[in-house]
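# Structural overview
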Amino acid sequence: MTQPPPLTGIRVLEFAGLAPGPFAGMLLADYGATVLRLDRAPFQPSSDQLVRRKSSICVNMKDPRGLALIKKLVQHVDILIDPYRPGVLEKAGLSPEDILLKINPRLIVARMTGFRRDGKYSQMAGHDINYIAVSGVLSMLGRKGEAPYFPANILGDFGGGGAMCFLGILLALIAREKNGRGQVVEANMVDGASILATMPRLGTKGPGWSGERGTNMLDGGAPFYEVYRTGDGAWMAVGAIEPQFYALLLNGLELSASEIPDRADRSNWPALKHIFANKFKSKTRAEWEKTFDGTDACVTPVLTQRELEAKGFDQRPPVTLKSTPAYAIQEGDDGRPAAVGQGIGVQGSGWNQKTLEPGTGGEEVIGRWMGWRRGRHFVVTEDQGFVLKDLSKL
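Since the structure is predicted, the reported quantities are computational estimates derived from the model, not experimental observations.

Analysis parameters
- Residues numbered from 1 in each chain as written.
- Predicted model: local features only at pLDDT ≥ 70, side-chain atom pairs only at ≥ 80, totals over all residues.
- Heavy atoms only, no water.
- Helix = DSSP H or I, 4+ residues; strand = E, 2+ residues; numbered from the N terminus.
- Buried < 20%, exposed > 50% of the residue type's maximum accessible area, 1.4 Å probe, protein only.
- Polar contact = N/O pair within 3.5 Å; in protein donor to acceptor, adjacent residues only side chain to side chain.
- Contact = heavy atoms within 4.5 Å.
- Pairing = 2+ DSSP bridges.
- 1 Å grid on protein atoms, 1.4 Å probe; cavity = no way out; pocket = protein on both sides within 12 Å on 5 of 7 lines; lining within 4 Å.
- Points joined across faces, edges and corners; volume = space filled by probe spheres on them.
- Nonpolar A, V, L, I, M, F, W, Y, C, P; charged D, E, K, R; others polar.
- Salt bridge = Lys/Arg side-chain N within 4 Å of Asp/Glu carboxyl O.
- Axes fitted to C-alpha atoms, helices over the stretch in contact; angles between N-to-C directions.
- Parallel < 35°, antiparallel > 145°, perpendicular 65-115°, else oblique.
- Left-handed = near helix turned anticlockwise from the far one by under 90°.
- Phe/Tyr/Trp six-rings, centres within 6.5 Å; stacked < 30°, edge-to-face > 60°.
- Core = buried A, V, L, I, M, F, W, Y, C linked by side-chain atoms within 4.5 Å.

In this section: the side chain of Asp39. Secondary-structure assignment places Asp39 in strand β2 (residues 34-40). For Asp39, a relative accessible area of 7% translates into the label buried. In this structure the side chain of Asp39 is engaged in a polar contact, spanning 2.8 Å, whose partner is the side chain of Arg37. Each residue touching Asp39, except ones within four places of it in the same chain, is listed here: Ala16, Ser56, Ile57, Cys58, Val59, Pro358 and Gly359.

Let us now look at the pairing of strand β8 (residues 235-239). Pairing between strand β7 (residues 225-229) and β8: 5 bridges, direction antiparallel. The residue bridging Tyr225 from the neighbouring strand is Gly239, located in β8. What sits between the antiparallel neighbours β7 and β8 is a turn of 5 residues, in which Gly233 has the positive phi angle 85 degrees. Here β8 runs beside strand β9 (residues 299-301); their pairing, made up of 3 bridges, is antiparallel. Its bridge partner being in β9, Ala237 is matched across the sheet by Thr300.

Turning our attention to empty space enclosed by the protein. If you roll a probe as big as a water molecule over the atoms, it shows you where there is empty space left. A complete count under the given rule lists 1 cavity of 30 Å³ or more for this structure. By volume, the largest cavity amounts to about 30 Å³. As for the largest cavity, its lining consists of Pro317, Val319, Thr320, Leu321, Pro325, Ala326, Ala338, Ala339 and Gly341. Of the residues belonging to the lining of the largest cavity, the class tally is 7 nonpolar, 2 polar and no charged.

Moving on, we get to the pattern of salt bridges. Across all of its chains, the model carries 18 salt bridges by this definition. The salt bridge involving Glu289 is made with Arg285; its shortest N-O contact spans 3.2 Å. Of this pair, Glu289 and Arg285 both sit in helix α11 (residues 285-292), 4 residues apart, which is roughly one turn of the helix. Classification of Glu289 as buried rests on a relative accessible area of 17%.

It is worth spelling out the packing of helix α9 (residues 243-252) against α11 at this point. At a minimum axis separation of 10 Å, α9 and α11 run at an interaxial angle of 130 degrees. Taken together, α9 and α11 sit at an angle that is classed as oblique. In this structure, the crossing between α9 and α11 has a hand that is right-handed. Packed against α9, whose contacting residues are Leu248, Leu249 and Gly252, the element α11 presents Trp288, Thr291 and Phe292 at the interface. Looking at side-chain class alone, the contact of α9 with α11 contains 4 nonpolar, 2 polar and no charged residues.

The next subject is the packing of aromatic side chains. Tallying each qualifying case throughout the model produces 15 aromatic pairs. Taking the centre distance of 6.1 Å and the plane angle of 80 degrees together, the rings of Phe224 and Tyr246 count as edge-to-face. On the criterion of sequence distance, the pair formed by Phe224 in the loop between α8 (198-203) and β7 and Tyr246 in helix α9 is long-range, its members being 22 residues apart. Note on Phe224: relative accessible area 3%, which makes it buried. Summarising the aromatic geometry, the rings of Trp288 and Phe292 are spaced 5.9 Å apart at their centres and angled 25 degrees between planes, so their arrangement reads as stacked. Here Phe292 and Trp288 lie together in helix α11, a separation of 4 residues that amounts to about one turn.

What follows covers the packing of α9 against helix α10 (residues 269-280). Running from amino to carboxyl end, α9 crosses α10 at an angle of 50 degrees, the nearest separation of the two axes being 11 Å. Taken together, α9 and α10 sit at an angle that is classed as oblique. Here α9 contributes Tyr246, Leu249 and Leu250 to the contact with α10, which in turn contributes Leu272, Phe276 and Phe280. Looking at side-chain class alone, the contact of α9 with α10 contains 6 nonpolar, no polar and no charged residues.

If you look at the biggest cluster of nonpolar residues, it comprises 32 residues, and the most contacted ones within it are Phe15, Leu69 and Leu80. At 6 residues, helix α2 (residues 64-74) tops the list of elements feeding residues into this core. When sequence neighbours within four positions are dropped, the list of residues in contact with Leu69 reads Ile57, Val59, Trp372, Phe378, Phe386, Val387 and Leu388. With 30 residues, the next largest nonpolar core counts Ala24, Ile79, Ile108 and Met189 among its residues.

Quick look at the structure:
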């Protein structure tokens, strides 16, 4: 029998932001934490869809009563997620070191920025493409002779940003178990993306990745690590690096190693790509799947998100803890296997997610956390959101 998720009982105050901060908060919620998003008042609609299992309240940090309410909440939470540019919390009177950690010494303040907080670009606005650009990673992505190619905002915002922030929070929780103290967690997308590129970066010092962009084994240069268009306009992915896998690739393509150029000679790679490309165009993707499924040729179809949804692909948490799994994402009944998660899942099954309207569900959460009731401890106004009722009782 499974037990509750590992972060059950952990309270998170997430200042509303874009992409990486909400992603870190969503991961915390998936693993059992209660996440309360702090939206700005006056009320503004939110387009954030990374809201699984979250609630919201609206607060005006510029109103002394709103600021006082935040400070009261900080006394009762474990984690605060700061998605703002450097200086915003300090200007609001919520400096992590000078204010927040003095209010609650066990608090973990997770600060998520794009550029390094102490770097050349710290005061500049930017987006994922800018962060991976100055990290050196963007320069490694793309085809030979073409412009660097950015992988949407997956690498910076989510891989190097939100996921790394989530990791930092977990490490801070472990440290707190040992010493009883919270701390500030600094995450930024430049360093996060850079660490994800450790292997290719180190590879630039050797033969594995020393060529120009798009000519190396794993970046589009090798014919045996490539995507090929099929006869029906779909795509197959090939990753036959090892000799035994390459032999199975050639067998499936009905090619003989003795009749084609030697792949060990890199000057032969363009010719081999041409041969493989013509072969893959000779059949449909379904036909190639029938050929390679169940083999070790390392050849798979390139499936689209719409295909996966139509086929009922079940979205799952990123890692499975057998005894204390995350909450389920896929809709379904209770008692599902730990590999999928625990509980009935959420509406949309990870394929569709409604936005969280600012102010939804937050009143219930602060009632559970602090025993507060509307009208007695706080009031809710249209312009100022949630505010403490009586500052004199602070």
